[in-house]
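Close look at the chain arrangement
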Amino acid sequence: MKLNKRFRWLMLSAISGVLMWLGWCPHPFPVLLLFGFVPLLMLEKEITDQSTGKDNRDVFIFSYISFLIWNWPTCWWVGNTTSPGSGMFANCANPLLMSIPFLLFHITRKKFGHWIGYSSLIAFWLSFEFIHLRWELTWPWLTLGNGFASFPQIIQWYEFTGVEGGTLWIWLCNVLLFLIFTNKKFNTTLIVTTVVLVFQPIILSLMQYSRHNSAEGLRTKNIVVVQPNIDPYNEKFDRSTLKTQMETLTGLSKQKINQETDYLVWPETALPQGVWLDELQTDPSIKECKKLIKKFPKLNLVTGATAEMEYDSAATSTARYEEVNQKYYDVFNAALQINNSDTIQIYKKSKLVPGAERMPYPGLFKFLEPLAVNMGGITGSLGTQEHRSVFFSDDSTGIAPVICYESIFGEYLTEYIQRGAGLIFIMTNDGWWGNTDGHKQHLAYASIAAIETRRCIARSANTGTSCFIDLKGNISQATDWWQPTVINATLSVNHDLTFYVKHGDYIARIGNVISIILLLTLIVKRFVPSFLNNRTWN
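The rules behind these values
- Residues numbered from 1 in each chain as written.
- Predicted model: local features only at pLDDT ≥ 70, side-chain atom pairs only at ≥ 80, totals over all residues.
- Heavy atoms only, no water.
- Helix = DSSP H or I, 4+ residues; strand = E, 2+ residues; numbered from the N terminus.
- Rg over C-alpha atoms; globule rule 2.2 N^0.38 Å.
- Areas by Shrake-Rupley, 256 points an atom, 1.4 Å probe, with all protein chains shown as cover.
- Lys, Arg positive; Asp, Glu negative; His and termini not counted.
- Charge placed at Lys NZ, Arg CZ, Asp CG, Glu CD.
- Axes fitted to C-alpha atoms, helices over the stretch in contact; angles between N-to-C directions.
- Parallel < 35°, antiparallel > 145°, perpendicular 65-115°, else oblique.
- Left-handed = near helix turned anticlockwise from the far one by under 90°.
- Nonpolar A, V, L, I, M, F, W, Y, C, P; charged D, E, K, R; others polar.
- Buried < 20%, exposed > 50% of the residue type's maximum accessible area, 1.4 Å probe, protein only.
- Arc of directions from axis to C-beta.
- Contact = heavy atoms within 4.5 Å.
- Polar contact = N/O pair within 3.5 Å; in protein donor to acceptor, adjacent residues only side chain to side chain.
- Expected span 1.5 Å × (residues − 1).
- Pairing = 2+ DSSP bridges.
- Right-handed = clockwise from strand over helix to strand, strands pointing away.
- Salt bridge = Lys/Arg side-chain N within 4 Å of Asp/Glu carboxyl O.

**Observations concerning the overall build of the chain**
- When helices and strands are tallied, the chain shows 15 helices and 14 strands.
- At 25 Å, the chain has a C-alpha radius of gyration in line with the 24 Å of a compact globule built from 538 residues.
- Once the C-alpha set of the chain is aligned to its principal axes, its extents read approximately 80 × 60 × 40 Å.
- Counting only carbon and sulfur atoms, one obtains 60% of the accessible surface of the chain, whose full area is about 22800 Å².
- Taken together, the 46 basic and 43 acidic charged side chains of the chain have centroids lying 9 Å from each other.

What follows is the structure, encoded as structure tokens:
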């Protein structure tokens, strides 16, 4: 009997994990996300109802299994690099973190009952995602609201809520559907509420999506995007290939640029050799870029580059020491805007990939940097900058230079917009993981950024998918995998600020307040037994 019970729990865990995986982009079944957690909630209820004193342990173990089954097939590609152990760690550690808010929900439900318990689940999960977007072990790839990324038609309301609105919607639908399935009585109010909650956001979004062209009356810019398709492992950081790489970039660019082109976009680390930021005007690769754009007075080249800066001392926690020249220096994954003026604008990527571009908390764990994953020619912790930089042209058009991983951090991107960016350029290199779901998911998530900020996006990938994305999140001219190519389009420049840009992740912050109150109450109830003894919580 005990074996059958635990087998049933295992099956409920597995079913929930599989439903969440199948519902995730790029799969075409996003509706599964709205009830994918129902089996997991049934599992938690059964464990609680049949409590043997080890219910906390059982809830944690079986929820971990469920999240593991969701994480592994969705993000297995993280290990499809020269260091497969990195993927194993990420896909084992992230489910562990996800199990913490679920366990806290279970404890809260036992202490305070039905309604506070299920409300706490939503609050704790929102707080988990809020933290996971901000600490240095960040991995927000599976932020729940991201799951709808392939279907921008149904999430136009993200301009008001951000991706956390999607997380809230998923959990509310799952909880209400679970309550319907487990309620022994026919509850009309509950059913009607659930139907409205499931369908109203979709209907309102479709209405918003089909309204008049939101780009009408906006200024436009002519953009050319290059996808050079340079092997990130065997070619890109090989100094003997630098000349060939530059010839590829300039050759593709010349196919599309003309006197009417406003911007030319090259991908992440298009200039891979390491340009010294205090010697940009004399750098050979910069001179080649200047030579390319010399005949085009209005052209701005926005490109990724590996950059370096020298210090007299260890000025930052990421500064390295070179014994030969006895100097300190930082390495950056940077973006540059180059035109026919003497000014080169610089941005240093500041949301870095843990383990690949940055050892978490380098001030404490700098000695572990030799264990960092080698993702090409750069190892060890890279330098960053405190605030976002916007690249401005002569006519005051502002560009948000977003580098790779940064594009999935919604509130992070809003600082570019608040500082005057009217367009977003995403420079990326998605070839590290091969032709897997990784680059497809990364592309889809860019649609969310377009909706949240209502900014058009030009996306330049070294390998992966380059494209253009409009204000509604629609992707156009998506390039094929592993193909050198060049595309061009006219994009609208928008300066309106969405509600989300103005207020950021306010939904998660409300969840934080509720979570703190609940945790404090749990602590008080645990250590002050007389507290609330005579109160009713159901």
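**So, the packing of helix α3 (residues 55–75) against helix α4 (residues 84–112)**
- Between α3 and α4, the shortest axis-to-axis distance is 7 Å and the interhelical angle comes to 140°. Judged on the interaxial angle alone, α4 and α3 are oblique. Every pair of crossing elements has a handedness; the one defined by α3 and α4 is right-handed.
- When its residues are assigned to classes, the contact of α3 with α4 shows 17 nonpolar, eight polar and two charged.

**Topic: helix α10 (residues 284–293)**
- Here α10 has its buried residues at Ser285, Ile286, Cys289, Lys290, Leu292 and Ile293. Projection of α10 onto a plane perpendicular to its axis shows the buried side chains occupying an angular sector of 160°, all on one side. In α10, the exposed positions that point more than 90 degrees away from the buried face belong to Pro284 and Lys291.
- On the buried face of α10, the contacting elements are α9 (242–254), β2 (263–265), β3 (271–276), β4 (300–311) and β6 (327–338).

**A closer look at the side chain of Arg454**
- Mapping Arg454 onto the fold places it in the loop between α13 (437–453) and β11 (456–461).
- Polar contacts involving the side chain of Arg454 include one to the side chain of Glu159, which spans 3.0 Å.
- Residues contacting Arg454, with those up to four places away along its chain left out, are Gln156, Glu159, Gln208, Ala449, Leu471, Lys472, Asn494 and Thr498.

**A few points about α4**
- Here α4 spans 43 Å end to end across 29 residues, near enough to the 42 Å set by a 1.5 Å rise per residue.
- Downstream of α4 by one or two residues, Gly113 has phi in the positive range, about 95°.

**Here's the deal with the pairing of β3**
- Across the six residues that make up β3, a large majority, five, are buried.
- Note: β3 against β4, three bridges, orientation parallel. Bridging from a neighbouring strand, Trp276 pairs with Glu308 of β4.
- Traced from β3 through α10 to β4, the parallel crossover comes out right-handed.

**Examining the sheet that holds strand β8 (residues 391–392)**
- Ordered in space as β8-β9-β10-β11-β12-β13, the six strands form an open sheet in which the pairing is mixed. A strand with exactly one partner marks an edge of an open sheet, and here the two such strands are β8 and β13 (475–476).

**Digging into the pattern of salt bridges**
- Applying the stated criterion across every chain yields a total of 20 salt bridges.
- Its salt-bridge partner being Arg134, residue Glu411 comes within 2.8 Å of it at the nearest N-O pair. Pair noted here: Glu411 is in helix α12 (residues 410–418) and Arg134 is in the loop between α5 (114–132) and α6 (158–161), with a separation of 277 residues, a long-range link.
- Judged by its relative accessible area of 31%, Arg134 is partly exposed.

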